Amino acid sequence: MNNRGKGSLKYLLQQRQIVARFVKGDQSTSQKKAKGRAVAAKIAAEVCGLKVPRRTFCNNIAAREHEENLGLPNNFVHYDIAIVGGGMVGMALACSLASMPLTKQLNVAIIDSNPALEGKTCIKKEDPPDPRVSTVTPATISLFKDVGAWQYVQQHRHAYFDKMQVWDYTGLGYTRYNARDVDKEVLGCVVENKVLHSSLLSCIQNTDLKKRIYPSRLNSMTLHQNHLPTMMDSTSSSFHASLAKLELSDGNSLYAKLVVGADGAKSHVRELAGFKTTGWNYSQNAVICTVEHKTENQCAWQRFLPSGPIALLPVGDKFSNIVWTMNPKESSACREMNENDFVKALNHALNYGYGPHPQSNLLGNNGDIFSWFRRDLTVSANECFEVPPDVVKLVSGRMVFPLSLRHANNYASKRVVLIGDAAHTVHPLAGQGVNLGFGDAFALSRIISEGIAVGTDIGEVHLLKKFEVERKRENIMMMAILDGFQKAYSVDFGPLNVLRAAAFHGAQYISPLKRSIISYASGEQRLPLFS
């Protein structure tokens, strides 16, 4: 028993002695009883106000007896947070919770049947890169460093890039971006998804976060109305709360104050919670694969073709990642053609196919139309158009994914919140999907911490709505921009081609515009509308 507990008992004994002496006095029996009752009432009131530390259950028998009194089952397992989905975004949330003083004490369940969560993923440097990669922004890199996960990424293959070139197949315009335009060292870093996931898992395993990983799938979710003891309440043994009950495919059941749906675009949590979505399918598929060059690629390339953009992203050594958007018929043909023909098709799409190379002096020396901006030209404004490095070999299988845009009308309700692809899916045009998800994860952990600081129940809808308001405006703006680009470059029409060319040259030569584009794409600046 601690000193506060001993002091409280001493106080009670002293008050009992006072009552005894008082009752033994020379007063009449009725007076003794009346005044005795008054003193006893006063003592009771004072005792109720004592801050006696609440002791948690010290053995299973006491715990079971208490649960039976509350009407809860004998196998009752309670968590503060249940994260459904142990992918990159779900693990980023767990790492962020483990990194903050007010949230690292929480009890967290992670539910996912992915064997990688059991540490079975073996990453060998000599193996070619996996085609599933992510382009993480400087803002995301900074967040990874804050929670201690980036040090593990650096132990594996990753590729920083400081330059990017974007151009149109018509040959009417191009834009080059350089990290030095905004006084930065890099524009981003391309990392294999399995490296990001493994790094987050290593990070969480080296923290003191109380966690349990359930290698299972979520079957059902309901709200359980009952009393539950709270560790925040020092004067009461329970409070009335609605808990989320989760039933898993392996037969386990658990309860949580907050359920986080981080289970991807086909989120089961979203379905069970009744969240509606708005969106549409694009008539496009993405073909992804890993290729090899003769020399190392250190630039990110993106060319807009009639059927969709093709991107060539460095992934380290002499390897690059291909993300090629096209219609479903073309994607089927690309997947079926032999390796030599596919390599030829890639070089055709990235170099001399569909139209001429843009001319660096198409609008005159540095663009006469934009000559009034010459005094403040960025570094990249003087860079000429370059041809991407040739692809010499295909070193992975070709994977095909259908593309769509989906957005949950709401991210939060009582006890349930969505993050990552469960809340929003976007076109892979600028590689922003996973960065939006990481933004969700880190924002949610911060808002949970803020709620704990003021004593708010972390599953209360008004707290979760703060997260929704903050992230929804960011996500919708990025989704609108990417969707607008997709539609603008899906039409081959003369006047529209000229307007696109003007946009490319504006971004190339108007320095304030270029700097804003870089900062926004890097996750380090909001658009003025949302500032």
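Numbers given for residues are sequential positions, taken from 1 along each chain in its written order. Predicted model: local features are reported for residues with pLDDT of at least 70 only, side-chain atom pairs are reported and counted for 80 or more only, and whole-chain, interface and lining totals are derived from all residues. Calculation of side-chain values draws on the structure's entire complement of heavy atoms; hydrogens and water are dropped beforehand.

So, about the overall build of the protein. Strands are runs of DSSP state E lasting at least 2 residues, helices are runs of H or I lasting at least 4, and numbering of each runs from the N terminus. Of regular secondary structure, the protein possesses 14 helices and 20 strands. Out of the 531 residues belonging to the protein, those deemed buried represent 48%. Within the protein, contacts between residues at least 6 apart in sequence are counted, and of these 78% link residues at least 24 apart. Carbon and sulfur atoms make up 53% of the accessible area of the protein, which amounts to about 25,300 Å² in all. Throughout, exposure labels follow a simple rule: accessible area from a 1.4 Å probe, protein chains only, divided by the maximum for the residue type, with under 20% read as buried, over 50% as exposed, and the rest as partly exposed. Note on contacts: a residue pair qualifies if any of its non-hydrogen atoms lie within 4.5 Å across the two residues. Note on areas: these come from Shrake-Rupley sampling with a 1.4 Å probe, and a residue is covered only by the protein chains present in the view.

Turning our eyes to something else, we now look at the environment of Phe319. Tracing the sequence through the fold places Phe319 in strand β15 (residues 319-326). Since its relative accessible area comes to 13%, Phe319 is described here as buried. On a C-alpha basis, the gap between Phe319 and Lys393 in space is 9.5 Å, while along the polypeptide they are 74 residues apart. Each residue touching Phe319, except ones within four places of it in the same chain, is listed here: Pro128, Pro129, Arg157, Thr290, Val291, Glu292, His293, Leu313, Pro314 and Val395.

In this section: the pattern of salt bridges. Salt bridge, as used here, is a side-chain nitrogen of Lys or Arg placed within 4 Å of a carboxyl oxygen of Asp or Glu. Tallied over the full model, the rule gives 16 salt bridges. Among the salt bridges present, the one from Asp317 reaches Arg157, with a minimum N-O distance of 3.5 Å. Residue Asp317 is located in the loop between β14 (308-316) and β15, and its partner Arg157 is located in the loop between α6 (150-153) and β4 (158-161); the two are separated by 160 residues in the primary sequence. On the basis of relative accessible area, Asp317 is assigned to the partly exposed category, the value being 37%. Between Arg471 and Asp440 there is a salt bridge, with its nearest N and O atoms 2.7 Å apart. Of this pair, Arg471 sits in helix α12 (residues 461-488) while Asp440 sits in helix α11 (residues 433-453); the two residues are 31 residues apart in sequence, bridging distant segments of the chain. Each member of the pair, Arg471 together with Asp440, is buried. Sharing partners across several salt bridges, the network here consists of Arg446, Glu450, Lys466 and Glu470.

By the convention used here, strands pair only if DSSP detects at least 2 bridges between them. The sheet built from three strands is open, its strands ordered β3-β7-β4 with antiparallel pairing. Both outer strands of the open sheet, β3 (133-136) and β4, are each paired with one neighbouring strand and no more. Sheet twist, expressed as the mean angle between neighbouring strand axes with direction ignored, is 20°. Sheet topology note: the β3/strand β7 (residues 188-192) ladder contains four bridges and is antiparallel. If you follow Thr135 over to β7, its bridge partner there is Val190. All axes here are fitted lines through C-alpha atoms, helices being fitted over the stretch that makes contact, and every angle between N-to-C directions spans 0 to 180 degrees. Those strands touched by helix α5 (residues 138-147) are β3, β4 and β7, and its axis lies near 95° from that of β3.

Ranked by internal contacts, the top residues of the largest apolar core, which has 73 residues, are Ile81, Leu246 and Phe438. Once you skip the residues sitting within four places of it in the chain, Phe438 turns out to touch Met88, Val89, Ala92, Val136, Thr140, Phe144 and Leu200. Only buried Ala, Val, Leu, Ile, Met, Phe, Trp, Tyr and Cys residues count toward a nonpolar core, and they belong to the same one when joined by side-chain atoms within 4.5 Å.

The next subject is the confidence of the model for the protein. If pLDDT is low for a region, its predicted coordinates should not be looked at in detail. Each residue carries a pLDDT value, the predictor's own confidence for that position, ranging from 0 to 100. Confidence in the prediction of the protein, expressed as mean pLDDT, is 82, and 77% of residues score 70 or more. Scored below 50 in pLDDT, residues 362-367 makes 14 contacts in the model with residues more than four places away or belonging to other chains.

Turning our attention to the packing of aromatic side chains. Side-chain rings of Phe, Tyr and Trp (the six-membered ring for Trp) are treated as a pair once their centres are within 6.5 Å; stacked means planes under 30 degrees apart, edge-to-face means over 60, and tilted covers the remaining angles. Applying the stated criterion to the full structure yields ten aromatic pairs. The interplanar angle of 85° and the centroid separation of 6.1 Å between the aromatic rings of Phe144 and Trp150 together place this pair among those described as edge-to-face. Judged by relative accessible area, Phe144 falls into the buried class, the value being 0%. A centroid spacing of 5.1 Å and a plane angle of 75° characterise the contact between Phe144 and Phe438, whose relative ring orientation is edge-to-face. With a gap of 294 residues between them, Phe144 in helix α5 and Phe438 in helix α11 connect regions that are remote in the sequence. Grouped by ring-pair contacts, the aromatic residues Phe144, Trp150, Tyr160, Phe438 and Phe442 constitute a single cluster. The criterion is that NZ of a Lys, or CZ of an Arg, lies within 6 Å of the ring centre and within 35 degrees of the ring normal, and then a charge sits over that ring. Directly above the aromatic system of Phe342 lies the positively charged group of Arg398, at a separation of 4.8 Å from the ring centroid. Between the NZ or CZ atom of Lys472 and the centre of the ring of Tyr411, over which it lies, the distance is 5.6 Å.

Although it is not a glycine, Asp183 sits at a positive phi angle of roughly 60°. Looking at where Asp183 falls in the secondary structure, it is placed in the loop between β6 (174-178) and β7. On the accessibility criterion, Asp183 (73% relative accessible area) is exposed.

To continue, consider helix α10 (residues 339-350). By definition here, a helix of n residues has an expected span of 1.5 Å times n minus one. With twelve residues, α10 extends 17 Å between its outermost C-alpha atoms, agreeing within 8% with the 16 Å of an ideal straight helix rising 1.5 Å per residue. Buried within α10 are the following residues: Phe342, Val343, Leu346, Asn347, Ala349 and Leu350. The arc that holds every buried residue of α10, seen down its axis, measures 165°, which confines them to one face. Exposed residues lying more than 90 degrees from the buried face of α10 are Asn340 and Lys344. With a side-chain oxygen lying 3.2 Å from the backbone nitrogen of Asn340, the N-terminal cap of α10 falls on Asn338. As used here, the arc is the angular range of directions from the helix axis to the C-beta atoms. Between N or O atoms, a polar contact is any pair within 3.5 Å; within protein, one atom must be a potential hydrogen donor and the other a potential acceptor, and residues adjacent in sequence are included only when both atoms are from side chains.

In this structure, Lys514 sits in helix α14 (residues 511-521). In this charge count, Lys and Arg are treated as positive and Asp and Glu as negative; neither His nor the chain ends contribute. Despite its burial, Lys514 remains without a salt bridge, the nearest opposite charge being carried by Asp181 at 4.4 Å. Of the polar contacts made by the side chain of Lys514, one reaches the backbone oxygen of Arg176; its length is 2.7 Å. Setting aside residues up to four positions removed in sequence, Lys514 forms contacts with Thr175, Arg176, Tyr177, Asp181, Thr378, Ser380, Ala381, Ala507 and Gln508.

So, on to the environment of Glu192. With respect to the helices and strands, Glu192 occurs in strand β7. Taking the C-alpha atoms as reference points, Glu192 and Pro131, separated by 61 residues in sequence, lie 7.5 Å from one another. Beyond its immediate sequence surroundings of up to four residues, Glu192 is in contact with Pro129, Asp130, Arg132, Val133 and Arg157. Polar side-chain contacts of Glu192 include one of 2.9 Å to the backbone nitrogen of Asp130.

Across the seven residues that make up strand β1 (residues 78-84), a large majority, six, are buried. Where β1 lies against strand β11 (residues 253-261), six bridges are found, and the strand directions are parallel. Counterpart to His78 in the pairing with β11 is Tyr255. Across four bridges, β1 lies against strand β2 (residues 107-111) in parallel orientation. Counted as the bridge partner of Ile81 is Val108 from β2.

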